[in-house]
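One letter stands for each residue in the lines below.
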Amino acid sequence: MDLDPVLLSRIQFGFLISFHIIFPAFTIGLAAWLATIEGARLATGNALYRRVFDFWLPIFAVSFGMGVVTGIVMAFQFGTNWGVLSVKTGSIQGPLLGYEGFTAFMLEATFFGVMLLGRDRVSPRFYFFSCCMVSLGTMFSSFWILANNSWMQVPLGHTVVDGKIIPTDWMQIVLGPVQMVRWPHMLLAALLTTSMCVSATGAWYLLRRVHFDEGRMMLHWGLGLAAVLIPVQLFFGHLTGEYVLKHQPAKFAAIEARWKNEQPASEVLIAIPDEANERNLYAISVPKLGSFIASGNFTSAERGLESFPREDRPPVLIPFFAFRLMVGMGLVMLAVSWLGNLLRWRGKLESSRWFLWATFMSFPTGFIAILTGWYTAEIGRQPWVVYGLLRTKDAVTPSLTTSDVLTSLIVYVLVYWIFVSFGIYYIYKLLREGPRARTQATENVTGSRPLAVAARTDAASEGRSGGRP
């Protein structure tokens with residue numbers, strides 16, 4: 001394998017997006033979680049909600065900051081590594097990224113400061129409003145990024161003038177049918193990622209027999225949300241598969257590791273694709289199921305990779321396994337969330353330590369599903385960077401040399417490992433420490449009632465001593 005600038009630029013982009021995407025995916029769901037908790041606290045006055053909110057807020061802040069930093073670095077590559085892509089598609093991608101900054105970043109930056117520092121400086125209702133605006137900003141950000149990527153997957157609303165791709169219909173570009181399927185799919189993935197992390201954190205505290213009330217709330221709320229969202233996510237996953245079959249049939253064939261045209265088509269459950277000989281080794285397949293999954297009946301003809309010129313075929317190995325890992329993670333989330341709610345209904349959730357362990361171990365399922373889903377979409381799109389319009393090999397900056405990209409890749413790897421390692425370690429310390437009791441001691445303390453903290457402290461001390469002098 002030759003380490004040419006195109007391959008190295010793809011590896012660099014894949015490395016950076018892998019580190020970046022986990023933070024926005026987590027913070028989109030976590031922002032919504034914080035807004036929900038603050039709304040519940042405002043409605044009920046329950047101090048438990050305040051403790052849980054104050055616990056997750058610094059974790060959100062660290063994750064948000066890491067997402068912003070890694071996202072800025074992502075944008076640099078369009079100028080350094082993908083200059084031809086920027087020149088040919090800048091009139092479309094530039095505005096879309098600009099809209100993200102104008103709507104999402106401004107909204108998040110404006111109200112994020114209120115979330116962090118404004119609890120005692122604004123009214124409770126405005127503070128809740130600020131939480132909602134931050135959550136809305138994270139969702140706006142995902143919308144514009146997915147609009148950009150969806151256009152690259154299935155270009156709509158454009159024309160080509162002098163070799164440059166020019167927009168002609170912004171409604172198709174921004175609100176096209178593919179975007180309206182892919183964006184909800186990504187948004188639900190982010191919410192599920194956070195719900196599984198929250199559930200796992202609650203299960204961890206119950207296993208350690210600490211922070212019982214907070215852990216119980218996290219476990220119940222997280223599993224409840226996941227149980228509701230995962231069937232909806234599976235439905236949007238099916239719709240996503242339909243768009244791939246219609247608009248990117250070569251990618252669909254690669255995901256299925258279908259080498260020959262088949263009627264009816266079998267479904268390969270697991271195998272080792274042998275791309276050199278165009279066959280599957282040790283395949284386990286189900287006859288006719290492939291036709292049903294693709295077209296809704298058991299007799300339809302389905303296209304294999306032999307239908308496409310070799311230069312237009314995507315790699316098979318990574319999309320094949322990545323897709324199955326993504327589906328597998330979805331099924332794990334479905335099993336954990338539904339079983340957890342069954343145990344909750346029977347009153348055995350907190351006492352079933354085997355299930356608490358299963359929930360705790362399932363915390364990375366959302367992250368794995370997002371990463372493998374992204375790999376499936378991006379590697380399966382090859383050899384196109386803008387599907388059907390611009391090949392990846394033709395989008396790289398012409399002046400790049402192998403040494404240029406190799407040097408930048410090594411620097412990125414070293415810096416990211418150090419930067420992200422410190423961030424993740426700090427988040428782990430916050431999770432290990434858990435919710436702090438100091439929040440309960442300062443609940444209802446205002447400028448006109450400063451002695452409330454003393455009353456809370458005295459009451460807590462009396463409770464710990466059992467009322468004895």
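Residue indices follow the written sequence of each chain, beginning from 1 at its first position. Totals for whole chains, interfaces and linings use all residues, but because this is a predicted model, local features are given only for residues with pLDDT of at least 70 and pairs of side-chain atoms are given and counted only at 80 or more. Think of the side-chain values as coming from all heavy atoms in the structure, minus any hydrogens and water.

Colleague: Is there a simple way to think about helix H13 (residues 402–433) in this case?
Modeller: Owing to its 3.6 residues per turn, the α-helix aligns residues three or four sequence positions apart on the same side. Every helix listed is a DSSP run of H or I at least four residues long, and every strand listed is a run of E at least two residues long, numbered separately from the N terminus. A helix is expected to reach a length of 1.5 Å times the quantity of its residues less one. For H13, spanning 32 residues, the distance from its first C-alpha to its last is 46 Å, which sits close to the expected 46 Å at 1.5 Å a residue. Along H13, the positions that sit buried rather than exposed are Val405, Leu409, Tyr412, Tyr416, Val420, Gly423, Ile427, Leu430 and Leu431. Next to the buried residues of H13 lie helix H1 (5–44), helix H2 (47–80) and helix H6 (179–208). Relative accessibility thresholds used throughout: buried, under 20% of the residue-type maximum; exposed, over 50%; partly exposed, between the two (1.4 Å probe, protein chains only). In what follows, residue pairs with any heavy atoms lying within 4.5 Å of each other are defined as contacts.

Colleague: Is there a simple way to think about the packing of aromatic side chains in this case?
Modeller: Two measures describe an aromatic ring pair: the distance that separates the ring centres and the angle between the ring planes. Here a pair means two rings of Phe, Tyr or Trp (six-membered ring of Trp) with centres within 6.5 Å. Their orientation is stacked below 30 degrees between planes, edge-to-face above 60, and tilted elsewhere. Considering all chains together, one arrives at 32 aromatic pairs under this definition. Note on Phe15 and Phe19: the rings are 4.8 Å apart at their centroids and 55 degrees apart in plane angle, and the pair reads as tilted. In this pair, Phe15 and Phe19 both sit in helix H1, four residues apart, roughly one turn of the helix. For Phe15, a relative accessible area of 16% corresponds to the buried category. By relative accessible area, Phe19 is classed as buried at 13%.

Colleague: Looking at this structure, I do not really get the nonpolar core. What am I missing?
Modeller: For soluble globular proteins, nonpolar side chains are generally found buried alongside one another. By nonpolar core we mean a set of buried residues, namely Ala, Val, Leu, Ile, Met, Phe, Trp, Tyr and Cys, connected to one another through side-chain atoms within 4.5 Å. By size, the foremost hydrophobic cluster in this structure holds 58 residues, and its most contacted members are Trp33, Val52, Phe53, Trp56, Ile59, Phe60 and Met115. Every element with two or more residues in this core is listed here: H1, H2, helix H3 (83–117), helix H4 (124–153), H6, helix H7 (212–247), helix H12 (365–380) and H13. Looking at which element gives the most residues to this core, the answer is H1, with 16 residues.

Colleague: Got a minute to help me understand the pattern of salt bridges in this structure?
Modeller: Take a side-chain nitrogen of Lys or Arg and a carboxyl oxygen of Asp or Glu: if they are within 4 Å of each other, that pair is a salt bridge. Applying the stated criterion across every chain, the model contains 12 salt bridges. Residues Arg41 and Glu38 are paired through a salt bridge, measuring 3.1 Å at the closest nitrogen-oxygen approach. Of this pair, Arg41 and Glu38 both sit in helix H1, three residues apart, which is roughly one turn of the helix. The buried category is assigned to Arg41, whose relative accessible area is 12%. Of the charged contacts in the structure, one is a salt bridge between Arg313 and Glu278, with a shortest N-O distance of 2.9 Å. Taken together, the residues span a long stretch of sequence, with Arg313 in the loop between helix H9 (289–295) and helix H10 (317–345) and Glu278 in the loop between strand S3 (267–274) and strand S4 (279–286) at a distance of 35 residues. You can call Arg313 buried: its relative accessible area is 19%. Here the residues in one salt-bridge network are Glu38, Arg41 and Arg119, joined through shared partners.

Colleague: What am I meant to see in the side chain of Glu267 here?
Modeller: Inspection of the secondary structure puts Glu267 in strand S3. Those residues in contact with Glu267, other than ones at most four positions away along the chain, are Glu256, Arg258, Ile284, Ser285, Val286, Leu289, Gly290, Ile293 and Arg324.

Colleague: What's the story with the packing of H10 against H12 in this structure? I'm lost.
Modeller: Packed helices, taken two at a time, are described by the angle their axes make and the gap between the axes. Here the axes come from fitting lines to C-alpha atoms, over the contacting stretch only for helices, and the angles between their N-to-C directions go from 0 to 180 degrees. Packing of H10 against H12 leaves a shortest axis separation of 8 Å and a crossing angle of 150 degrees. Here H10 lies roughly antiparallel to H12, going by the angle between them. Relative to H12, H10 is oriented so that their crossing is left-handed. Taking contact as the criterion, the partners of Ile318, Pro319, Ala322, Phe323, Leu325, Met326, Met329, Val332 and Met333 in H10 are, on H12, Thr365, Gly366, Ile368, Ala369, Thr372, Gly373, Tyr375, Thr376, Ile379 and Gly380. Among the residues making up the contact of H10 with H12, the classes are represented as 13 nonpolar, six polar and no charged. By the definition adopted for this analysis, an angle is roughly parallel if under 35 degrees, roughly antiparallel if over 145, roughly perpendicular if from 65 to 115, and oblique otherwise. By convention the crossing between two helices is left-handed if the near helix lies anticlockwise of the far one by an angle smaller than a right angle, and right-handed if it lies clockwise. Each residue is assigned to one class: nonpolar for Ala, Val, Leu, Ile, Met, Phe, Trp, Tyr, Cys and Pro, charged for Asp, Glu, Lys and Arg, and polar for all the others, Gly among them.

Colleague: What am I meant to see in the layout of surface pockets here?
Modeller: Rolled over the atoms, a probe with the dimensions of a water molecule shows which regions are left empty. The distinction between a cavity and a pocket rests on a 1 Å grid over the protein atoms alone: a 1.4 Å probe fits inside a cavity but cannot get out, while a pocket stays open yet meets protein on both sides within 12 Å along at least five of seven lines, and a residue with an atom within 4 Å of a point counts as lining. Grid points are joined across faces, edges and corners, and a volume is the space filled by probe spheres set on the points. Considered as a void within the structure, the largest pocket measures approximately 1300 Å³ in volume. Lining the largest pocket are 48 residues, and of these Phe13, Ile17, His20, Met74 and Trp374 lie nearest its centre. Sorting the residues of the lining of the largest pocket by element identifies H1, H2, H3, H4 and H12 as the ones contributing at least two each. The biggest single contributor to the lining of the largest pocket is H1, with 12 residues. Its residues assigned to classes, the lining of the largest pocket comprises 28 nonpolar, 15 polar and five charged. Empty space within the second largest pocket amounts to approximately 1000 Å³. In terms of lining residues, the second largest pocket is bounded by 41 residues, among which His185, Gly237, Phe323, Met326 and Val327 are the most central. For the lining of the second largest pocket, the secondary-structure elements that each account for two or more residues are H6, H7, helix H8 (249–256), S3, H9, H10 and H12. It is H7 that provides the largest number of residues to the lining of the second largest pocket, a total of 10 residues. Each residue belonging to the lining of the second largest pocket can be placed in one class, and the counts come to 23 nonpolar, 12 polar and six charged.

Colleague: Even after reading the chapter, I still don't get the side chain of Asp274, so can you show me in this structure?
Modeller: In this structure, Asp274 sits in strand S3. Taking the relative accessible area as the measure of exposure, Asp274 reaches 15% and is therefore buried. If sequence neighbours within four positions are ignored, Asp274 has contacts with Trp259, Arg279 and Leu281.

Colleague: Any chance you could explain unusual backbone geometry here in plain terms?
Modeller: Among all residues except glycine, the phi angle is most often negative; among peptide bonds, the trans geometry is most common. With an omega of -10 degrees, the peptide bond running from Gln263 to Pro264 counts as cis. Structurally, the position occupied by Pro264 is in the loop between H8 and S3. Cis geometry marks the peptide bond from Gln382 to Pro383; its omega dihedral reads 10 degrees. Its identity as a non-glycine residue notwithstanding, Asp162 has a phi of 55 degrees, on the positive side. The residue Asp162 is located in the loop between strand S1 (158–161) and strand S2 (164–167) in this model. For Ala257, which is not glycine, the phi torsion reads 50 degrees and is therefore positive. Tracing the chain through its elements places Ala257 in the loop between H8 and S3. Using a relative accessible area of 2% as the deciding quantity, one classes Ala257 as buried.

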